[in-house]
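A structural walkthrough
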Amino acid sequence: MKHTNGSHRDLLWINEANLFRLLQAAGAMYLEATWISIDGPDETVEVEVDLIYDEDEARWLAPMGLVEAVMAEEGWDPADIRGFRVGEEPVQAGLWLDMDHPPMPWSVYARAGQEMRRRLEEPPPTPEEVAALEPLPHAWQIGEQPGGWVYDEAGDPQRVYIVLVMEEGTRAVRQIHLKHGAPATSEELEAVVYRAAVHSMSGHPGRPQQLRVAGADLVGRLQGPMRRVGIPVTVGATPLLDDVFDEIQQQFESEEAPRFVGEDEATLRAFFAVARSFFNLKPWERVDGDKYIAFRLDEGPWGYLSILGQMGEQFGVSYFEDWLQICRLVHNQPTFFDALMEETLDPGIPRTIQAAGWMEGVTLENRTDLHPEDARYLDALGLKPLRGRHYPVPRHYSAEGMGSLRLPLEGYTAVMEALATVMKRRRTPHITSITKTVPVQGGTTVTLRFPADGTEALPSPVPGCRMIVEGAEAPYAPEDNALPPGARLEIDAPGDTPLHRIVAAIKRETAASGNRLWVRGVLDGAFYLWVDSHGQGGPSPPLIELAGRPNLQMEGLGQFPVRVMKTVGTPAETIRVRQVGAERR
């Protein structure tokens, strides 16, 4: 590993948007797997992480969300952190929240937080202090709006109410006040205005010409207190506040929506009862996580599940609508560097989600991971957490954010009930195969196949297929190109042959001719359907699933166009590979 000469290096915590901006203008940077040690008041937290190292500036770059997550988990404030180390090396830390301004030392950030908390904890200024201030040339706008939901120390959900004071003319934010559980009282609004006057966030003490509010409700709560300090309160338009509140509301709306609120009570009770039975069986201890369960509800389409939790991480189940979705998810796992530097895709969306289209499943979550409105709804229904005080939470992620479930709650309930039935009947601790049709509550039958191989949904009989791999340039190693322009491979095979066996046959046949074709993977557009690094252990699409797809390529020393078509007549019984055209250069 190369480092810039010198003994001192910095660690900059930087938000994601600025990190991508920085990488676009990057000089000498590389990625390194290491760990960060964060020294707190009583203990040190170590986090394994891939960090970017900027050789030109001799500094490490780390995502701000990492340190925020550690502080939230440990209950620390910035001032509680005594130091940072990368590997064994102590580093000077700072924050870079705005690339148009210099980074802020961590000590300055911590002191600013302490000062803000000190001002909020001390008594508000007195009416006499406010009355003695010089009048400012502008009016202020003050408003209140309900925001998101949070949990209090007892674990109960509370609505957050936001009070905002802004100055006309300068457009400065003079004060922000957050209150949990109820709107601000008249006394609390009075304190907000007094702090805006004496301890303004914009740094300029003074009294406004008047307070402008949008509604009569705030007038009633403010007129009395403001009369004591000679500040008139009027009703009028508050465009400054409207713009800021709109942004705040958009932020809340972009966050995860409730999962359970509005769900039919009977459906929800059945889901919780079955989830309790299923997860109590600890399926992650009995089913391998790299294999998939095919299922079918009555005569509907085949779907797939995987069991999560074998490594002690997130426990639950993932749902996939078809086998190609599984292949795209598994074979497009990026490195951290790939995710940051990808130019042809949206860097704000994980590559796995872009490849798979969406991800969905049910996972076991802590109460505080529930949407607070869901927590209130479940409490009202008397639905308790499962063993370990976890809740089964269904979620659907896509490039557009959180969305509606593709497999409805009733579907998850049916499949988990069928799997629980099978696991209860099996005496062996490790389940290696399932071929069952299981009736479940509500009259549904669930057909299960494990391990799945992607052929469950294929027609019977399966047609044969022909794959044609066209020759192409190999710009980085033209002398080793086994398939130059003008050459091609023709492969005939049964339609249910998995792609990894087709590639293996191509390698054997081309090697036998003295000119082995190296294959890294097969792409459908920008995403892999199969990558050789996974070998036969990873999911592989049946050949017929590729028929008619217009953007297939085989990646090796070059990008070789691929066409797959169904054949007419009796399908080939084995894989046959034929080389046609130009000889090796």
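Residues numbered from 1 in each chain as written. Predicted model: local features only at pLDDT ≥ 70, side-chain atom pairs only at ≥ 80, totals over all residues. Heavy atoms only, no water.

**Some remarks on the pairing of strand β25 (residues 552–555)**
Successive side chains on a regular strand alternate, one facing one side of the sheet and the next facing the other. As judged from the four bridges shared by strand β23 (residues 521–524) and β25, these two strands associate in the antiparallel manner. Counterpart to Val522 in the pairing with β25 is Met554. Across four bridges, β25 lies against strand β26 (residues 559–566) in antiparallel orientation. In the sheet register, Glu555 faces β26, and the bridge partner there is Gln559. (Pairing = 2+ DSSP bridges. Helix = DSSP H or I, 4+ residues; strand = E, 2+ residues; numbered from the N terminus.)

**So, the sheet that holds strand β12 (residues 233–235)**
One open sheet accounts for five strands, arranged β10-β9-β8-β11-β12; its pairing is mixed. Pairing within the sheet leaves two strands with one partner each, and these edge strands are β10 (173–180) and β12. Direction aside, the axes of adjacent strands within the sheet are offset by 30 degrees on average. The sheet contact formed by strand β11 (residues 211–213) and β12 spans three bridges and is parallel. Counterpart to Arg212 in the pairing with β12 is Thr234. Each of β8 (140–151), β9 (157–167), β10 and β11 is contacted by helix α5 (residues 186–198), which is oriented at about 150 degrees to β10, the strand it contacts most. (Axes fitted to C-alpha atoms, helices over the stretch in contact; angles between N-to-C directions. Contact = heavy atoms within 4.5 Å.)

**Things to note about helix α13 (residues 409–425)**
With 17 residues, α13 ought to run about 24 Å at 1.5 Å a step, and its terminal C-alpha atoms sit 25 Å apart, in line with that. Of all 17 residues in α13, 13 are buried, a share of seventy percent or more. (Expected span 1.5 Å × (residues − 1). Buried < 20%, exposed > 50% of the residue type's maximum accessible area, 1.4 Å probe, protein only.)

**Observations regarding the pairing of strand β22 (residues 488–494)**
Counting buried positions over the seven residues of β22 gives six, a clear majority of the element. When strand β21 (residues 464–470) meets β22, the two strands line up antiparallel, connected through seven bridges. Residue pairing across strands places Val469 opposite Leu489, the latter belonging to β22. Pairing of β22 with strand β27 (residues 576–580) involves five bridges; the strand directions are antiparallel. Bridged to Leu489 within β27 is Gln579.

**Observations concerning a nonpolar patch on the surface**
There is a patch of nonpolar side chains on the surface, built from Ile176, Leu178 and Met201 and spanning about 280 Å² of accessible area. Here Ile176 shows up in strand β10. (Patch = residues over 30% accessible without salt bridge, like charges linked within 9 Å, V, L, I, M, F, W, Y side chains within 5 Å. Areas by Shrake-Rupley, 256 points an atom, 1.4 Å probe, with all protein chains shown as cover. Salt bridge = Lys/Arg side-chain N within 4 Å of Asp/Glu carboxyl O.)

**Examining the confidence of the model for the protein**
The predicted coordinates should not be examined in detail at positions where pLDDT is low. The predicted model of the protein has a mean per-residue pLDDT of 86, with 90% of residues at 70 or higher. Across residues 1–7, confidence stays below pLDDT 50; counting only partners more than four residues off in sequence or on other chains, it has 17 contacts. Low pLDDT (under 50) marks residues 336–347, which in the prediction has 19 contacts with non-local residues, meaning those over four places away or in another chain. (pLDDT = per-residue confidence, 0-100.)

**Notes on the side chain of Gln145**
Mapped onto the fold, Gln145 is located in strand β8. A polar contact of 3.3 Å, which involves the side chain of Gln145, links it to the backbone oxygen of Phe245. For Gln145, the contacting residues outside a window of four places in its chain are Val160, Tyr161, Ile162, Phe245 and Gln249. (Polar contact = N/O pair within 3.5 Å; in protein donor to acceptor, adjacent residues only side chain to side chain.)

**What to know about unusual backbone geometry**
The peptide bond linking Phe450 to Pro451 adopts the cis configuration, its omega dihedral lying at -5 degrees. Assignment of secondary structure puts Pro451 in the loop between β20 (445–450) and β21. The phi angle at Ala58 is positive, at roughly 50 degrees, despite the residue not being glycine. Mapped onto the elements, Ala58 comes out in the loop between β3 (44–54) and β4 (59–63). Located in the positive-phi region is Asp298, a residue other than glycine, with phi close to 55 degrees. Along the chain, Asp298 falls in the loop between β13 (293–297) and β14 (302–308). For Asp298, a relative accessible area of 35% translates into the label partly exposed.

**Description of the nonpolar core**
Most often, soluble globular proteins have nonpolar side chains that are buried together. One finds Phe278, Phe279, Leu419 and Leu448 to be the most contacted residues of the largest nonpolar core, which totals 46 residues. Of all the elements, α13 adds the most residues to this core, at 10 residues. Not counting chain neighbours up to four residues away, the residues in contact with Phe279 comprise Trp284, Gly316, Val362, Leu364, Leu386, Pro392 and Met416. Leu499, Val503, Trp530 and Met554 belong to the second-largest nonpolar core, a separate cluster that totals 31 residues. (Core = buried A, V, L, I, M, F, W, Y, C linked by side-chain atoms within 4.5 Å.)

**Quick notes on the packing of aromatic side chains**
Aromatic ring pairs are defined here through the distance separating the ring centres and the angle between the ring planes. Scanning all chains against the criterion turns up 16 aromatic pairs. Here the aromatic rings of Trp284 and Phe315 are separated by 4.4 Å at their centres, their planes lie at 45 degrees, and the arrangement is tilted. Of this pair, Trp284 sits in the loop between α8 (265–280) and β13 while Phe315 sits in the loop between β14 and β15 (316–320); the two residues are 31 residues apart in sequence, bridging distant segments of the chain. Its relative accessible area of 25% is what places Phe315 among the partly exposed residues. By the ring-pair criterion, three or more aromatic residues cluster together here, those being Trp13, Phe84, Trp106 and Tyr109. (Phe/Tyr/Trp six-rings, centres within 6.5 Å; stacked < 30°, edge-to-face > 60°.)

**Let's talk about the sheet that holds β22**
Reading across from one edge, β24-β23-β25-β26-β21-β22-β27 is the order of the seven strands in this open sheet, with antiparallel pairing throughout. Every interior strand has two partners, whereas the edge strands, β24 (527–531) and β27, have only one. Direction aside, the axes of adjacent strands within the sheet are offset by 25 degrees on average. Judged from the four bridges that link them, β23 and β24 form a sheet pairing that is antiparallel. Across the sheet, Val522 pairs through a bridge with Trp530, a residue of β24. The sheet contacts of helix α9 (residues 323–330) involve β23 and β24, and relative to β24 the element is tilted by about 90 degrees.

**Quick notes on the packing of α8 against helix α12 (residues 372–381)**
Between α8 and α12, the shortest axis-to-axis distance is 12 Å and the interhelical angle comes to 90 degrees. In terms of orientation, α8 and α12 fall into the roughly perpendicular class. Between α8 and α12, the residues in contact are Glu265, Leu268, Arg269 and Phe272 and Tyr377, Leu378 and Leu381, respectively. Class assignment of the residues belonging to the contact of α8 with α12 gives a composition of five nonpolar, no polar and two charged. (Parallel < 35°, antiparallel > 145°, perpendicular 65-115°, else oblique. Nonpolar A, V, L, I, M, F, W, Y, C, P; charged D, E, K, R; others polar.)

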